[in-house]
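Spelled out from the first residue to the last, the chains are:
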Amino acid sequence: MSRITAYTGAAIFDGHTTHHDAALLILSGRVAGIIPLADMGAEYEKIELAGGLIAPGLVDLQVNGGGGVMLNNDTSVEAIRTICAAHARCGTTALLPTLITDTPDMTRRAITAVRQALAAKIPGIIGLHLEGPHLALSRKGAHCADLIRPMDENDCRDLEQLAGELPSLMLTVAPESVTFDQIRRLRKAGAVVSIGHSDCTYSDALGAADSGATSVTHLFNAMSQLTNREPGLVGAALDIGTLSAGIIADGIHVDAATISIALKAKQGPEHLFLISDAMATAGTDLTEFFLNGRRILRQDNKLTLEDGTLAGANLDLFTAVDFIVQVVGLAPEEALRMASLYPASILGRSSELGCLESGAKADFIWMQESTKIKAIWQQGRPVT
């Protein structure tokens, strides 16, 4: 019979509150509880940490690549393993591999690879994010214009079926390319519908939210902005309480002051949360790669197409946490929630991921000096 491992010597942030003079209990890859040190018995295998903070592993809902690999370029189980491993070394212990707008054939291949990776129980993969192809051409960003198209009945049926098969399916769509009825159907089937790459009005965004959309993809980027006479998708994301919104906190996609304003303006109960929007360069020294046959350049931590269009991010989620704390000035606990508990909640999996409650996956990080990772565990095992 396995013994319970007790991690002591550090404060423990469970995703909600911080416990002091306590032990984190782990058994068979799951959290067995958090108990006061005074209640510890000799039956536990004790691991003493030297101060700092234990926190939940991070949850990233938008990961296009990492470790030199792009899902769009390599739809294999090994590619997904490489992407997950690259981000695990940076503290992201659960993620949605994300396919950017591509051909129907490539989309089918990516779905097959994700199914196989889930069946193989590759650490870190928790589902799939399809960003496109049902977007607005006017806000295509780095997506290939020739591949963007409206959602038809066959698309909707296929996605309904897929939502019932995967543990989590996130879909970025634009109201210009999907109907409210399609959104209702996809939400009913279990998909998380996120509005993005859209020039929609506030009214259209409200209609999408009323139909079941619960998120907005990379707030401020590739969307209609907040103006004096039309609040746009940015205004809707901040004002509509049922919408969460992902944000790329790298100081390139969104200015630190804009992030601060958005955090103050966001109406609840839903929240802003952090995403990396990471590309193949994450965790590597790559200076360029290709997406849909187009060259992506990395310079001064910025990724662009050759015409200067932003093309994803050279970012990992913990670096985004560090930026939110050190530059924006948010409290570390709330920054950690934005990268763990809140994204897990969007998927409806906040009792399993992004927290250290009893029964949750034993995915956690040990931090020193506020926002410096000292060690990482995934399903109770150290990540090297």
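Before reading further, recall that the structure is shown in the block above.
Residue indices begin from 1 for each chain and proceed along its sequence in written order. The predicted origin of the model limits local features to residues at a pLDDT of at least 70 and limits the giving and counting of side-chain atom pairs to 80 or more, whereas totals for whole chains, interfaces and linings rest on all residues. Each side-chain value is derived from all of the structure's non-hydrogen atoms; neither hydrogens nor water enter the calculation.

Trainee: Even after reading the chapter, I still don't get the packing of helix 7 (residues 256-265) against helix 8 (residues 317-328), so can you show me in this structure?
Mentor: When two helices pack together, their arrangement is given by the angle between the helix axes and the distance between those axes. Angles here are taken between N-to-C directions and fall from 0 to 180 degrees, while the axes themselves are lines fitted to C-alpha atoms, restricted in helices to the stretch in contact. Here a helix means four or more residues in a row that DSSP labels H or I, a strand means two or more in a row labelled E, and each is numbered from the N terminus. Contact geometry for helix 7 and helix 8: axes closest at 10 Å, N-to-C directions at 95°. Here helix 8 runs roughly perpendicular to helix 7, going by the angle between their axes. Across the interface between the two elements, Ala256, Ile259, Ser260 and Leu263 from helix 7 touch Phe323, Ile324, Val327 and Val328 from helix 8. Charged means Asp, Glu, Lys or Arg here, nonpolar means Ala, Val, Leu, Ile, Met, Phe, Trp, Tyr, Cys or Pro, and polar covers whatever is left, Gly included. A class-by-class count of the residues in the contact of helix 7 with helix 8 yields 7 nonpolar, 1 polar and no charged. Throughout this description, any angle smaller than 35 degrees is read as roughly parallel, any larger than 145 degrees as roughly antiparallel, any in the 65 to 115 degree range as roughly perpendicular, and the remainder as oblique. Pairs of residues are marked as contacts when any of their non-hydrogen atoms sit within 4.5 Å.

Trainee: What exactly am I supposed to notice about the sheet that holds strand 3 (residues 18-19) here?
Mentor: Two orientations exist for strands paired in a sheet by backbone hydrogen bonds: parallel and antiparallel. We treat two strands as partners when DSSP finds at least two bridges between them. If you walk across this open sheet you meet the 6 strands as 3-2-7-21-22-23, and the pairing is mixed. Edge positions in the sheet fall to strand 3 and strand 23 (381-382), since each of these pairs with one other strand and no more. Bridging between strand 2 (residues 11-13) and strand 7 (residues 53-56) involves 2 bridges; their strand directions are parallel. From the neighbouring strand, Ala11 faces strand 7, where its bridge partner is Leu53.

Trainee: What's the story with unusual backbone geometry in this structure? I'm lost.
Mentor: Glycine aside, negative phi is the norm for most residues, and most peptide bonds take the trans geometry. Cis geometry is found at the peptide bond from Gly132 to Pro133, where omega equals 10°. With respect to the helices and strands, Pro133 occurs in the loop between strand 12 (128-131) and helix 3 (153-165). The peptide bond linking Gly268 to Pro269 adopts the cis configuration, its omega dihedral lying at 20°. Residue position: Pro269 is located in the loop between helix 7 and strand 17 (272-274). You will see that Asn292, though not glycine, has its phi angle at about 50°, which is positive. Of note in the backbone geometry, Asn301 takes a positive phi value of approximately 70° without being a glycine. Among the structural elements, Asn301 can be located in the loop between strand 19 (294-299) and strand 20 (302-305).

Trainee: What is the right way to look at the environment of Leu356 in this model?
Mentor: With respect to the helices and strands, the residue Leu356 is situated in the loop between helix 10 (341-346) and strand 21 (364-368). For the pair formed by Leu356 and Gly57, sequence separation is 299 residues and the distance between their alpha carbons is 9.0 Å. Beyond its immediate sequence surroundings of up to four residues, Leu356 is in contact with Ile12, Phe13, Asp14, Leu24, Val31, Ile34, Ile54, Ala55, Pro56, Asp363 and Phe364.

Trainee: Looking at this structure, how should I read the layout of surface pockets?
Mentor: Any empty space left between atoms is shown by rolling a water-sized probe over those atoms. A cavity here means a set of points on a 1 Å grid, drawn over the protein atoms and nothing else, where a 1.4 Å probe fits but cannot get out; a pocket is an open set with protein on both sides within 12 Å along at least five of seven lines, and a residue lines either one if it has an atom within 4 Å of a point. Grid points are joined across faces, edges and corners, and a volume is the space filled by probe spheres set on the points. Of the volumes computed, that of the largest pocket is approximately 490 Å³. Put simply, the parts of the chain that give the lining of the largest pocket at least two residues each are helix 2 (104-119), helix 3 and strand 13 (169-173). Its residues assigned to classes, the lining of the largest pocket comprises 10 nonpolar, 7 polar and 7 charged. Empty space within the second largest pocket amounts to approximately 290 Å³. For the second largest pocket, the lining is made up of 19 residues, of which Arg30, Lys121, Pro123, Lys361 and Gln379 are closest to its centre. In terms of residue class, the lining of the second largest pocket is made up of 7 nonpolar, 6 polar and 6 charged.

Trainee: Sorry, what's going on with helix 8 here?
Mentor: Side chains three or four residues apart in an α-helix point the same way, a direct result of the helix having 3.6 residues per turn. Taking 1.5 Å of rise per residue, the 12 residues of helix 8 would be expected to cover 16 Å, and the 15 Å separating its terminal C-alpha atoms lies within 8% of that figure. Buried within helix 8 are the following residues: Leu317, Phe318, Ala320, Val321, Phe323, Ile324, Val325 and Val328. At the N-terminal boundary of helix 8, the capping side chain belongs to Asp316, with an oxygen 3.1 Å from the backbone nitrogen of Phe318. A positive backbone phi angle near 95° is found at Gly329, which sits one or two residues after helix 8. Given the number of residues in a helix, its expected span is that number minus one, multiplied by 1.5 Å. Any residue under 20% of the maximum accessible area for its type is buried, any over 50% is exposed, and the rest in between are partly exposed; the area is computed with a 1.4 Å probe on protein chains only. We define a polar contact as two N or O atoms separated by no more than 3.5 Å, with the added condition that, inside protein, one atom must be a possible hydrogen donor and the other a possible acceptor, whereas residues neighbouring each other in sequence contribute only through side-chain atom pairs.

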